[in-house]
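# Close look at the chain arrangement
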Amino acid sequence: MNQKKTYSIIIAAGGTGGHIFPALAIGKYFKANGHRVIIAGTGNDLERKIFGQNDIEVKYFKARKIERKGLMTFFDPINYQNFYKTIFKHDAEVINFFKDFEPDLVIGMGGYPSLSICSAVDRSDKTVVVIHEQNSKAGLANRYLTLSVAYAVIEGLPGGIGRIIKFFVDDCIFLGNPVRQEIIDTRTLPREFPDNSKKPRILIVGGSQGAHSINNAVPKAMHLLSEKIDLEIRHDTGKADYEEVKKIYEELNINATVSEFINDISEAYGWADLVIARAGALTVSELSAVGLPSILIPYPQATDNHQFYNAKFLVDKQAAEVILDQDLDPDKLAIKVESFLLEKDKLKNASIAAYDKTFVLATEKISDFCIGIIEKGPIVLSSESPN
């Protein structure tokens, strides 16, 4: 029997949970299948906390940040200098890392760690680069890498890579965002409402950075709802607003479980009937993997308004409703929640619409696709003259 071939794989990811968790899901899957995996990150506090809780090899590098300033991004002297150094002046530490590790594959998960690591790949070498774009609109780093070093691009949500950019890459495919197995395993049949025999369970998730406007509106909305419906509430605030939100719930005499960060989001999803959250790609993918209805409030400062388009993926399937951040107020939010809980079968139908097996199978499909790209091999650029 032929032994299955194994490969050396670098996954470049970091910054926020939206990059960290998909990288972790892919990395653990590759490792479980015998491949050697290193995640290359920036070493911020969130990365160290999350990666440190998992059995995965990680190496941290300094990443030069490019401040987004719309059309003026590259007219800013500091931005231009940082971009030039990231692309053309690779740190000796990164170069030596590549020489020592000799990767067969580098997967870029977006953001500045991805830009600095992927752009250091020598196209005359054996290493292939695959870009994974989580959002419905590609970020600056992934757009550049797709046009320059990528052999293939994976879309986490449909349309992440624009039609024009697709012409510059050999393979572009929608395979979904990887979702951690412990989250996938929590999927249960939706509970039906209205039903006076049980309390609806509302989960509010601000993401790894928190969400001030949501934190401000939700307690008051829950107070309005509590006059009609007996609720169970769990609210993840992020660090900055934790004390204030907890105090507001107490002043309104609402029994809510408030936390800075939910360490076991899989358990929280298994508990919830309805989720109120931002529309990060990871959140949308997790809701799809477990079939949870949601009310999404896209982050208004997201680049190219990508969170709005992320939310649209679920809204178009009638799996979610959206409130723009500028329109968010307690009354409007309370009305949206009430409609899910009191309109017959609305919650159940939204749950059925939300479930998408693409995201259940994403990690496995991404792994298979990447191995296929390795085995197909890069087009090696030779410096030798033709005979």
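Predicted, not measured: the structure shown is a model, and the values here were computed from it. (Residues numbered from 1 in each chain as written. Predicted model: local features only at pLDDT ≥ 70, side-chain atom pairs only at ≥ 80, totals over all residues. Heavy atoms only, no water.)

## Structural notes on the side chain of His-132
The line we're drawing: We count a stretch as a helix when DSSP gives it H or I for four or more residues in a row; a strand needs E for two or more, and each element gets its number in order from the N terminus. Whether two residues are in contact is decided by their heavy atoms: any pair within 4.5 Å suffices.
Mapped onto the elements of the fold, His-132 is located in strand E5 (residues 128–133). With residues near it in sequence (within four places) discarded, His-132 still touches Gly-108, Met-109, Gly-110, Asn-142, Ile-154, Gly-156, Gly-176, Asn-177, Pro-178 and Ile-366.

## Looking at the sheet that holds strand E7 (residues 171–174)
What counts is decided by this rule: Should DSSP find at least two bridges between two strands, the strands are regarded as paired. Helix axes are fitted only over the stretch in contact, all axes being lines through C-alpha atoms; the angle between N-to-C directions runs from 0 to 180 degrees.
Ordered in space as E3-E2-E1-E4-E5-E6-E7, the seven strands form an open sheet in which the pairing is parallel. The open sheet is flanked by strand E3 (57–60) and E7, the only strands paired with a single partner. On average, each strand axis in the sheet is tilted by 20° relative to the strand beside it, whichever way the strands run. Two strands pair when backbone bridges link them, and strand E4 (residues 105–108) and E5 are joined in this way by four bridges, in the parallel orientation. Within the sheet, the bridge partner assigned to Leu-105 lies in E5 and is Val-128.

## Things to note about a negative patch on the surface
Under the convention used in this document: Any residue with relative accessible area above 30% and no salt bridge may belong to a patch, with like charges joined within 9 Å and the nonpolar Val, Leu, Ile, Met, Phe, Trp and Tyr side chains within 5 Å. Computed with the Shrake-Rupley method and a 1.4 Å probe, the accessible areas treat only the protein chains shown as cover for residues. Whenever a carboxyl oxygen of Asp or Glu lies within 4 Å of a side-chain nitrogen of Lys or Arg, that contact is scored as a salt bridge. The convention is simple: Lys and Arg are positive, Asp and Glu are negative, and His and the chain ends are not counted. Every charge is mapped onto a representative atom, which is NZ of Lys, CZ of Arg, CG of Asp or CD of Glu. Burial classes: relative accessible area under 20% of the type maximum marks a residue as buried, over 50% as exposed, and values in between as partly exposed (1.4 Å probe, protein chains only).
Side chains of Asp-100, Glu-102, Asp-122 and Asp-125 sit close together on the surface and give a patch of like negative charge. Mapping Glu-102 onto the fold places it in the loop between helix H4 (92–101) and E4. For Glu-102, a relative accessible area of 52% translates into the label exposed.

## Comments concerning the packing of aromatic side chains
Inclusion rule: Here a pair means two rings of Phe, Tyr or Trp (six-membered ring of Trp) with centres within 6.5 Å. Their orientation is stacked below 30 degrees between planes, edge-to-face above 60, and tilted elsewhere.
All told, the structure shown has six aromatic pairs when counted by the stated rule. Ring centres 5.9 Å apart and planes at 15° place the aromatic pair Phe-97 and Phe-101 in the stacked group. One end of the pair, Phe-97, and the other, Phe-101, are both in helix H4, four residues apart, so they sit about a helical turn from each other. Of the two residues, Phe-97 and Phe-101, neither departs from the other in class, the shared state being buried. Between Phe-313 and Phe-359 the ring centres are 5.8 Å apart and the planes differ by 70°, which places this aromatic pair in the edge-to-face class. Placement of the pair is Phe-313 in helix H13 (residues 306–315) and Phe-359 in helix H16 (residues 357–360), with a sequence separation of 46 residues. When its relative accessible area of 16% is taken as the criterion, Phe-313 is described as buried.

## Description of the sheet that holds strand E13 (residues 320–322)
Across the sheet, six strands lie side by side as E10-E9-E8-E11-E12-E13; this open sheet has parallel pairing. In this open sheet, the two edge strands, each paired with only one partner strand, are strand E10 (256–259) and E13. For this sheet the average axis-to-axis angle between neighbouring strands, irrespective of direction, equals 15°. Pairing geometry for strand E8 (residues 201–205) and strand E11 (residues 274–277), over four bridges, is parallel. Note that in E11 the partner of Ile-204 across the bridge is Ile-276. Taken strand by strand, H13 contacts strand E12 (294–296) and E13, and its axis lies near 140° from that of E13.

## Remarks on the pattern of salt bridges
One pass over the structure, following the stated rule, counts 16 salt bridges. Ionic pairing is found between Lys-59 and Glu-93, a salt bridge with its closest N-O pair at 4.0 Å. Here the residue Lys-59 occupies a position in strand E3, and Glu-93 occupies one in helix H4, the gap between them amounting to 34 residues. The class of Lys-59 is partly exposed, set by a relative accessible area of 30%. Residue Lys-199 is joined to Asp-230 by a salt bridge in which the shortest nitrogen-to-oxygen separation is 3.6 Å. Linking Lys-199 in the loop between helix H8 (181–184) and E8 with Asp-230 in the loop between helix H9 (212–226) and strand E9 (232–236), this pair joins segments that are 31 residues apart in sequence. Ionic contacts of the salt-bridge type, sharing partners, join the residues Glu-321, Lys-336 and Lys-346 into one network.

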